[in-house]
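# Examining the three-dimensional arrangement
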Amino acid sequence: MKALKNGGWKHVRKELWKNRFLYLMLAIPLLYFFVFKYGAIGWLGIAFKNYNARAGLWKSKGVGLKYFKMFLNDPYFFTVLKNTIMISLCSLVFYFPVPIILALMVNEVKGARKKKFVQTVTYLPYFISTVVVCNLAMYIFATDGIVNDVVVKVFGGTATTFLSDPKWFRPIYIITEIWQQAGWGSIIYLAALAGVDQDLYEAASIDGASRWKQMLHISIPGISSIISIQFLLTMGRMLNVGYEKVLLLYTGATYSTADIISTYVYRRGLIDANYSYGAAISIFQAVISLILICLANKAADKIGATSLW
């Protein structure tokens, strides 16, 4: 405090003014989180009230757990819950290992230019809008699309209506998710691999270890803590399947396998203007996600893996 009194505040103000544009850039994401994440928490109270827009949040009549019971007793409850869990499990099994494998493969590429080229090519799909990705998927998997052209003209098969067939929705979703997200998801693993002591590779090479053995015994153990943390975070997001892609890809014909909790909230909460019911479902989703991440974290502690807390 004495240092601040002796001209310290003047120095702080000078530094703040000098970096004002950086702080202004930081203010934008902070404002987003405060408005759409923390600011929205207060409005979750409508889940316990028969919300009326004219009366407002505080004057709306309280109904207790009515909307939670309504959702649990909804005949459609098990359908959307099963679809959400199935898509999440498919993503966990088929998508989660891909960024790890990709990072290990990129790490093995010799030459800085080649490595940068591979990284750029794999990162680019992440910056493509989800709307564009879904339109590409619709074009590729359409009845007269590229996939059916190959099936009919090359293999002599018959055209399949992929986009209106419920059994094909999940594979199409996972394929597009891997293509769009894998490159970007590999960044954190590449950063972890850069931190592995290079002397270990040199020592292993001198001892006659092949690149494959070096990857198994040095690279993978070196990023095991990051893999564990990412796995735990993925478990916490199991019920938060990205609804934008589902919303753009699914149709009435694929509801049986494509309709998830998030899209159900969108239809019932926003389209039908039943805000209290939508808020109740969102709270249910958040509570289950919290339970899942706590259980996964406890399991990680039990087996001696890196945990979040």
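Predicted, not measured: the structure shown is a model, and the values here were computed from it. (Residues numbered from 1 in each chain as written. Predicted model: local features only at pLDDT ≥ 70, side-chain atom pairs only at ≥ 80, totals over all residues. Heavy atoms only, no water.)

### A look at helix H5 (residues 77–95)
Here H5 contains 19 residues, and its C-alpha end-to-end distance of 26 Å stays within 8% of the 27 Å for a straight helix at 1.5 Å per residue. When H5 is considered as a whole, its buried residues turn out to be Phe77, Val80, Leu81, Asn83, Thr84, Ile87, Ser88, Cys90, Ser91, Leu92 and Tyr95. (Helix = DSSP H or I, 4+ residues; strand = E, 2+ residues; numbered from the N terminus. Expected span 1.5 Å × (residues − 1). Buried < 20%, exposed > 50% of the residue type's maximum accessible area, 1.4 Å probe, protein only.)

### Here's the deal with the packing of helix H10 (residues 166–185) against helix H11 (residues 187–194)
The contact between H10 and H11 brings their axes to 5 Å, and the two run at 25°. In terms of axis orientation, H10 runs roughly parallel to H11. Residues Gly183, Trp184 and Gly185 of H10 pack against Ile187, Ile188 and Tyr189 of H11. The residue makeup of the contact of H10 with H11, split by class, is four nonpolar, two polar and no charged. (Axes fitted to C-alpha atoms, helices over the stretch in contact; angles between N-to-C directions. Parallel < 35°, antiparallel > 145°, perpendicular 65-115°, else oblique. Contact = heavy atoms within 4.5 Å. Nonpolar A, V, L, I, M, F, W, Y, C, P; charged D, E, K, R; others polar.)

### Re the packing of helix H14 (residues 224–236) against helix H18 (residues 275–302)
H18 packs onto H14 with a crossing angle of 155° between their chain directions and a minimal axis gap of 7 Å. It follows from the interaxial angle that H14 and H18 lie roughly antiparallel. Helix-helix and strand crossings are classified by hand; for H14 and H18 the assignment is right-handed. Contact with H14, carried on its side by Leu232, Met235 and Gly236, involves Ser289, Leu292, Ile293, Ala296, Asn297 and Ala300 of H18 and no other residues of that element. The residue makeup of the contact of H14 with H18, split by class, is six nonpolar, three polar and no charged. (Left-handed = near helix turned anticlockwise from the far one by under 90°.)

### Some points on the pattern of salt bridges
Counting across every chain of the model gives five salt bridges. One salt-bridge network, in which partners are shared between bridges, spans Asp74, Arg268 and Asp272. (Salt bridge = Lys/Arg side-chain N within 4 Å of Asp/Glu carboxyl O.)

### Thoughts on the packing of aromatic side chains
Considering all chains together, one arrives at 23 aromatic pairs under this definition. Relative to Phe36, the ring of Tyr32 lies with its centre 5.4 Å away and its plane at 40°, an arrangement referred to as tilted. With Tyr32 and Phe36 both in helix H2 (residues 20–38) and four residues apart, this pair spans about one turn of that helix. According to the relative accessible area criterion, Tyr32 is partly exposed, its value standing at 41%. Here Tyr67 and Tyr277 contribute two aromatic rings whose centre-to-centre distance is 6.5 Å and whose plane-to-plane angle is 50°, an arrangement assigned as tilted. Within this pair, whereas Tyr67 is found in helix H4 (residues 66–72), its partner Tyr277 is found in helix H18, the two being separated by 210 residues in sequence. Take Tyr67 and Tyr277: they sit in the same class, and that class is buried. A connected cluster of aromatic rings, assembled from ring pairs, spans Tyr67, Phe71, Tyr76, Phe77, Phe78, Tyr264, Tyr277 and Phe284. A cation over a ring is seen here: Lys245 above Tyr173, with NZ or CZ 5.8 Å from the ring centre. Lying over the aromatic face of Tyr255, Arg267 brings its terminal NZ or CZ to 4.8 Å of the ring centre. (Phe/Tyr/Trp six-rings, centres within 6.5 Å; stacked < 30°, edge-to-face > 60°. Lys NZ or Arg CZ within 6 Å of the ring centre and 35° of its normal.)

### Thoughts on the confidence of the model for the protein chain
Chain-level statistics for the protein chain give a pLDDT mean of 85 and a share of 97% at 70 or above. When the elements of the protein chain are averaged for pLDDT, helix H1 (residues 2–18) gives the smallest value, 65, and helix H6 (residues 97–107) the largest, 92. (pLDDT = per-residue confidence, 0-100.)

### What to know about unusual backbone geometry
Of note, the phi angle at Ala273 is positive, near 60°, even though the residue is not glycine. Along the chain, Ala273 turns up in the loop between helix H17 (261–271) and H18. You can call Ala273 partly exposed: its relative accessible area is 42%.

### Here we look at the side chain of Arg170
For Arg170, the position within the fold is in helix H10. Notably, Arg170 is buried but unbridged: the nearest opposite-charge side chain belongs to Asp165, and the N-O separation is 11 Å. Within polar-contact distance, the side chain of Arg170 engages the side chain of Asn83 at 3.1 Å. Setting aside residues no more than four positions away along its own chain, Arg170 makes contact with Asn83, Met86, Ile87 and Thr257. (Lys, Arg positive; Asp, Glu negative; His and termini not counted. Polar contact = N/O pair within 3.5 Å; in protein donor to acceptor, adjacent residues only side chain to side chain.)

### Quick notes on the side chain of Gln119
Inspection of the secondary structure puts Gln119 in helix H7 (residues 112–123). Residue contacts for Gln119: discarding those within four places in its chain leaves Val106 and Leu190.

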